[in-house]
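One-letter residues, chain by chain:
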Amino acid sequence: MSFKLDDIQYNAALKLNAEYRYHYFVESAKKGLEIFVLKKEEDDILFLETDENEETISVLPVWSHERYALNYAEHNEIASGYHPQPISLAVFLETWLPQLRASGIEYAVFPVGENDCNIVTDADLQKDFDYDSAK
């Protein structure tokens, strides 16, 4: 149920800085009611690692449209062989965020390059999607 995305919108969003892409991600995911992760096989979802305060953290890259996820997979060696996998926004917010919270997973929102994205917590996403997990 992805939102319609023409080439002008697609290319413009790729040129935004990480902060603007984050806001674009939230608004466009609300519009399309789904997000995308990269998946290789049955249960092989792409997770990345980042170092914060001398601690390695696993991050799940997420996009608001299949084309953006595909662009990342095609231009980043680490994502070679992965393909976009849609997840409904409701399932992501109600199931994925709570389940991954226990593992300390954070989220790389709309990465376009190796280190070009905002990394946020599930609490940040819940707040920005105006979602209360106690519902």
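Sorry if this is basic, but what is going on with the environment of Y20 here?
For Y20, the position within the fold is in helix α2 (residues 18-32). Between the C-alpha atoms of Y20 and C117, which are 97 residues apart in sequence, the distance is 9.8 Å.

I keep staring at helix α1 (residues 7-15) and nothing clicks. Help me out?
An α-helix turns once every 3.6 residues. As a result, residues three or four positions apart point the same way. Among the residues of α1, those classed as buried are Y10, A13 and L14. Down the axis, α1 shows its buried residues gathered within 100° of arc, on one side only. Seen from the buried face of α1, the exposed residues on the opposite side, beyond 90 degrees, are I8 and K15. Of the surrounding secondary structure, the elements contacted by the buried residues of α1 are α2 and α3 (66-75). The distance from a side-chain oxygen at the start of α1 to the backbone nitrogen of I8 is 3.1 Å, and the residue carrying that oxygen is D6.

I keep staring at the pattern of salt bridges and nothing clicks. Help me out?
A side chain with one charge can pair with a side chain of the opposite charge if their charged atoms come near. Across all of its chains, the model carries six salt bridges by this definition. Residues D122 and R101 are paired through a salt bridge, measuring 2.6 Å at the closest nitrogen-oxygen approach. Here R101 lies in helix α4 (residues 89-101) and D122 lies in helix α5 (residues 122-128), a separation of 21 residues in the sequence. Here K127 makes a salt bridge to D128, at a shortest N to O gap of 3.2 Å. The exposure class assigned to K127 is exposed, which follows from its relative accessible area of 56%. One salt-bridge network, held together by shared partners, links E27, K30 and D130.

Calculation notes
- Residues numbered from 1 in each chain as written.
- Predicted model: local features only at pLDDT ≥ 70, side-chain atom pairs only at ≥ 80, totals over all residues.
- Heavy atoms only, no water.
- Helix = DSSP H or I, 4+ residues; strand = E, 2+ residues; numbered from the N terminus.
- Buried < 20%, exposed > 50% of the residue type's maximum accessible area, 1.4 Å probe, protein only.
- Arc of directions from axis to C-beta.
- Contact = heavy atoms within 4.5 Å.
- Polar contact = N/O pair within 3.5 Å; in protein donor to acceptor, adjacent residues only side chain to side chain.
- Salt bridge = Lys/Arg side-chain N within 4 Å of Asp/Glu carboxyl O.

The values are spatial; any link to function lies outside them.
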